[in-house]
Structures are given as C-alpha cells and as structure tokens.
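# Descriptive structure summary
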Amino acid sequence: MKVTGHIKNAKSTLFSIEILPPLKGKGIQSIFDAIDPLLEFKPSFIDVTYHREEYVYKKREGGYLEKVSIRKRPGTVGICAAIINKYKIDVVPHIICGGFTKEETENALIDLHFLGIDNVLALRGDAIKSEGAFVPEPNGHNYAVDLVKQITRMNKGHYIEDDLVDVAPTNFNIGVAGYPEKHFEAPNLIADLKQLKNKVDAGAEYIVTQMFFDNAKFIEFVNKCREMGINVPIIPGLKILTTKKQASILPKIFNIDVPQDFLEEIEKCKSDAEVKQVGIEWCIQQSKELIKFGVPCLHFYTMGQSESTKKVAGKVF
C-alpha cells in the first residue's frame with residue numbers, strides 16, 4: 001500500500017521507522033535485528049536510506065595518491081526487497097540526485113517498479129564530504145524538485161526515450177523532505193517553504209520532516225505550510241537523543257536547535273546512560289503532544305538501534 005493510502009485508512013496515528021543499510025561487508029541480519037523488536041507496534045512502512053559515494057585517497061606503488069570513489073553503505077534496493085519478502089511491510093527507498101544521471105535514476109526506478117515497490121522518498125542528497133557544496137552529476141538533477149518531476153513523468157508513462165511504444169507507467173507515491181527549522185542553504189523559512197511547495201506542485205504527495213526537538217517549531221511549520229497552500233500530509237521525523245555528544249553534533253549537522261530546558265536536563269547527566277533516559281522521556285512527551293496535535297504518523301530515525309525507539313513506542317502506541 002502507498003504511504004498516503006496508509007494515512008487515509010488509519011484510525012489513529014501511525015508508527016514508522018527509518019533504517020540505514022549496514023556498512024559494506026556486513027550482513028543483513030543487523031537490519032532484521034533492528035526491525036524485529038519493533039514489530040509489535042506494527043510499522044506501516046519502513047524507510048531505507050541511500051548513501052552516495054565518498055572519495056578517499058589510497059596510496060599506490062611509487063608513493064602517489066589515487067582518488068577512489070567508494071560507497072560505504074550500498075544495498076538499499078536489496079534491503080527493501082528483503083524486508084518485503086520477510087515481513088510483508090511496505091518500504092520507502094530513498095532516491096537521491098547526487099551521484100546519479102537522469103538515465104541511472106530512471107533505471108533504478110524501473111527496478112523498484114519491477115519489484116512492486118510503489119513508494120519513494122525523493123531527495124537531493126548531501127554534498128560529497130570532501131567537496132563542501134553539492135555538485136550534480138553531468139546530466140543529473142541539481143534539485144529534488146527536478147527528481148520529483150522525473151518520477152511524476154514516469155507515473156504518466158513518459159520516459160527519457162520518447163520513441164518507446166506500449167509504455168507501462170509507474171505508480172510511485174512520492175514523498176519529499178521538509179525542514180521545520182529550514183534547510184541550511186535557504187535564506188529564510190518562507191523561501192524554503194516556497195521550494196517545498198514547488199515540490200508538492202510537481203507531484204509530491206506527502207512530506208517527512210527533518211528531525212527536531214521543539215514541537216512548537218514543527219507546529220509553526222505545519223501552519224505556515226497550510227497558509228501557503230501545501231495541503232499534503234506532513235509526517236514529523238523524530239530522533240531520540242542518546243548521548244551528550246549528540247547535543248552538540250546534531251545541531252551542527254542538521255541545522256536544528258536543542259531547546260534550553262532539554263539541554264539543561266542533558267547537562268545534568270553524569271553518563272550517556274542517563275542522557276539516553278532523558279532523551280527517551282523527551283521523545284515520549286514530544287510524541288504524545290504531536291499525536292494530540294493530530295499528526296498522521298510518527299516517523300522515528302532509528303539509525304539501526306531499536307532499543308530506545310521501543311521504549312518510546314511502548315509508552316505512546
């Protein structure tokens with residue numbers, strides 16, 4: 001079933017999770033171990049992230065350095081297929097602009113269509129760590145809105161080669177990212193919301209937000225979206241803070257704020273075990289408030305660790 005179908009049919013707030021592929025060389029059992037403890041909460045869908053290539057320099061014979069492209073976490077499509085086969089749970093593979101030409105994107109979408117996967121999350125993706133700014137592939141997409149447009153065209157039976165005959169259209173339910181505290185590259189929130197509306201107007205049918213710790217900012221974001229005519233479902237993305245280090249790292253990486261009262265509780269902790277408990281309690285309260293606000297789904301960024309998510313879900317669902 002499509003994500004928007006799950007939302008339409010739901011009688012209460014849905015539960016969903018995001019997982020990331022294991023590092024290259026690791027087995028898929030770690031994925032199953034992360035999902036199994038959460039099955040009791042009946043996840044409606046599971047997002048599987050995609051991680052673009054990175055560049056490393058390897059020393060070769062003669063002492064020179066060779067720039068080598070590697071993918072540390074491959075396997076998104078295979079993991080999606082394995083989850084469907086093992087659990088019969090809908091999956092949402094991430095499709096990114098970075099590292100793909102338009103033709104490679106089309107071929108990846110065809111593979112997903114053949115597998116019967118009809119949900120995708122369309123993202124621009126991050127810049128390569130060594131480059132600082134996002135650089136699209138030659139003949140690739142620069143913005144997520146352009147990726148949404150390509151998927152929408154395929155849903156209408158339009159492929160890159162315009163002379164194909166008896167074309168079978170795809171049937172993807174397209175999700176996109178939203179940023180309650182704005183994307184770090186946007187000059188302000190309104191400008192960012194205009195870009196979000198462009199993605200919805202191009203064919204996006206639901207929004208999943210970046211993680212946040214301040215519900216007031218999410219609620220303001222939703223209200224501003226509605227004022228601008230963005231009327232698709234908006235799913236809050238939640239991360240359970242589990243270490244004191246995350247309180248300083250996550251704001252830098254994701255351009256988000258940690259509320260002062262939350263930060264003060266974290267600073268009182270003498271160990272990461274205490275921080276984890278504070279993070280769980282904060283997320284439980286966040287979740288209850290968001291359900292009361294009327295969100296269609298709570299989407300947890302598990303990072304492959306299910307223990308904390310299970311404790312939160314056990315108090316909320």
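Before reading further, recall that the structure is shown in the block above.
The notes below deal with the structure included here. (Residues numbered from 1 in each chain as written. Predicted model: local features only at pLDDT ≥ 70, side-chain atom pairs only at ≥ 80, totals over all residues. Heavy atoms only, no water.)

When the charged atoms of two side chains with opposite charge come close together, those side chains can pair. Summed over the entire model, instances satisfying the criterion amount to 8 salt bridges. Between Glu307 and Lys276 there is a salt bridge whose closest N-O contact spans 3.6 Å. Residue Glu307 is found in helix H11 (residues 307-316), and its partner Lys276 is found in helix H10 (residues 272-293); the two are separated by 31 residues along the sequence. Overall, the relative accessible area of 46% leaves Glu307 in the partly exposed class. Among the charged side chains, a salt-bridge network with shared partners connects Glu181, Lys217 and Asp257. (Salt bridge = Lys/Arg side-chain N within 4 Å of Asp/Glu carboxyl O. Helix = DSSP H or I, 4+ residues; strand = E, 2+ residues; numbered from the N terminus. Buried < 20%, exposed > 50% of the residue type's maximum accessible area, 1.4 Å probe, protein only.)

Another point: the packing of helix H4 (residues 102-114) against helix H5 (residues 144-155). At a closest axis distance of 11 Å, the pairing of H4 and H5 adopts a crossing angle of 50°. The orientation of H4 relative to H5 falls into the category oblique. The handedness of the crossing between H4 and H5 comes out as right-handed. Each of Lys102, Thr105, Glu106, Leu109 and Ile110 in H4 lies in contact with H5, whose residues at this interface are Leu147, Gln150, Ile151 and Met154. A per-class count over the contact of H4 with H5 returns 5 nonpolar, 2 polar and 2 charged. (Axes fitted to C-alpha atoms, helices over the stretch in contact; angles between N-to-C directions. Parallel < 35°, antiparallel > 145°, perpendicular 65-115°, else oblique. Left-handed = near helix turned anticlockwise from the far one by under 90°. Contact = heavy atoms within 4.5 Å. Nonpolar A, V, L, I, M, F, W, Y, C, P; charged D, E, K, R; others polar.)

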